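# An overview of the molecular structure
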Amino acid sequence: MSTQDRIYLSAPHMSGKELEYIQEAFSSNWIAPLGPNVDAFESEIAAYAGVKGAVALSSGTAAIHLALRLLGVERGDRVFCSTLTFVASANPILYEGAEPVFIDSEPDTWNMSPEALGMALADAKREGKLPKAVIVVHLYGQSAKMAEIGSLCDRYGVPIIEDAAESLGSAYKGQASGSIGRFGVYSFNGNKIITTSGGGMLVSNDEAALRQARFLATQARDPAPHYQHSAMGYNYRMSNLLAGVGLGQMQVLNERVHARRAIFERYREAFADVQEFQFMPELGNTRSNRWLTALTIEEQGAGTGVTALLDALAAENIEARPVWKPLHLQPLFKGARYYTDQAEESISERLFRTGVCLPSGSSMTAADQQRVIDCIKHTLQLSAAKIGR
Ligand SMILES: *Cc1c(COP(=O)(O)O)cnc(C)c1O
């Protein structure tokens, strides 16, 4: 095992300003959940995303769950969801006892295939059971093809929830990622582009729905002094202390996007002549925050595959990861319906087999990144020698 310091996939990166907000909360004794930091954090996110409102929550998962509740998802209903994503995108579908239907990726963005979505919607229409919502994920910061997906969903009258947990700071045709669907969801988990250590945000232009989200997130308390409840609620609100961390992080969000994009470019330049490496594309007219640098490896040519590369990096105390395992392949979702982009091939499965995420944290130094690059180059040389090139 290497004795060098560990390089993480995506470590939290504080600006230093977070402590001032926490200090302020301590001085004014706003330790309880809710308070001025929560209000300010919500306004800043809403302004950044260009939407009418935002509700700060305990996690991105809670935000997806509330969005489903607000769209009236109930037991037995269908919800469509991108398959190539983290399990948190789809777990809330199960919370509601609804049926997830998974949609393949397409190669241009690695995100939801409009082709596959179109087929799934047509089938659902024929069966008289359209989904109550479509959850579209913007993987690793890259926006999905929202124009195509949006016009399909409009045609069938199905609302979109944008899972923008990984894409805060990204833009699609000049619009903030997460601001396009009926609801958008951000996450401030420790590994995301900015963090509150744990937290999430629900954004929308539907202010009535956001009022209902606040109500549900605070135990659905009716307006009565004696704690009366007529609906089932949750304890999903963000604490005023953590919102202070979020305010400190918002001040550096654009810097963080810049840093991650620069990291992506350095990797791309370092491996420009390795034909077997294909970096995750950036769709025209979109700007990715490049939360994680992701690429695919053509095993045949490179002589090294995902596993060998991950092992070599792990031996140097460097954390890297395969691309998310598609949800339709997860034991949890066994038997769920799945629509592919092309009849002959499942794109998400190919991306899973060949994809790698490299360390991409904004606090990673140039020297750290060089260590990652050198380790990968060394592995490529060894495998080239082995196959006699
Ligand atoms: C992180 C993440 C979430 C969940 O966010 P939490 O704040 O951890 O609950 C949801 N979807 C995707 C795609 C994510 O990466």
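Attention here is on the structure that accompanies the text. (Residues numbered from 1 in each chain as written. Predicted model: local features only at pLDDT ≥ 70, side-chain atom pairs only at ≥ 80, totals over all residues. Heavy atoms only, no water.)

As a further point, take the sheet that holds strand S11 (residues 286–287). Think of a sheet as strands paired side by side through backbone hydrogen bonds, with each pair either parallel or antiparallel. One open sheet accounts for 3 strands, arranged S7-S6-S11; its pairing is antiparallel. Looking at the sheet topology across the chains shown, the edges are occupied by strand S7 (175–176) and S11. Sheet analysis places strand S6 (residues 171–172) next to S11, joined by 2 bridges and oriented antiparallel. Bridged to alanine 171 within S11 is arginine 287. (Pairing = 2+ DSSP bridges. Helix = DSSP H or I, 4+ residues; strand = E, 2+ residues; numbered from the N terminus.)

Counting residues in each nonpolar core, the largest one holds 37 residues, and the members touching the most others are Phe41, Ile45, Tyr140, Tyr186, Phe188 and Met201. For this core, the secondary-structure elements that each account for two or more residues are helix H2 (36–49), strand S1 (53–57), strand S9 (200–204), helix H8 (240–250), helix H9 (253–270) and helix H12 (347–354). Of the residues forming this core, the biggest block, 5 residues, is contributed by H2. Three or more residues apiece are contributed to this core by two domains, here domain 1 (18–250) and domain 2 (253–386). In this structure isoleucine 45 touches Ala54, Leu168, Tyr186, Phe188, Met201, Val203 and Met250, once residues within four positions along its chain are discounted. (Core = buried A, V, L, I, M, F, W, Y, C linked by side-chain atoms within 4.5 Å. Buried < 20%, exposed > 50% of the residue type's maximum accessible area, 1.4 Å probe, protein only. Domains from an automatic or database assignment. Contact = heavy atoms within 4.5 Å.)

One open sheet holds the 8 strands; their spatial order is S1-S9-S8-S5-S4-S2-S3-S14, and the pairing between them is mixed. At either end of the open sheet lies a strand with only one pairing partner, and these are S1 and strand S14 (337–339). Each strand axis lies, on average, 20° off the axis of its neighbour in the sheet, ignoring direction. Bridging between S1 and S9 involves 5 bridges; their strand directions are antiparallel. Looking at S9, one finds that glycine 53 is bridged to serine 204. Packing against the sheet, helix H6 (residues 146–156) makes contact with strand S4 (133–137) and strand S5 (160–163), and its axis sits at approximately 155° to S5. (Axes fitted to C-alpha atoms, helices over the stretch in contact; angles between N-to-C directions.)

Three or more residues of helix H11 (residues 306–315) are buried, namely Val306, Leu309, Leu310 and Leu313. Looking down the long axis of H11, one finds its buried residues gathered within 95° of arc, a one-sided arrangement. Where H11 is buried, its residues meet strand S12 (293–297), strand S13 (321–322), H12, strand S15 (355–358) and helix H13 (366–386). (Arc of directions from axis to C-beta.)

Keep in mind these values describe shape, not function.
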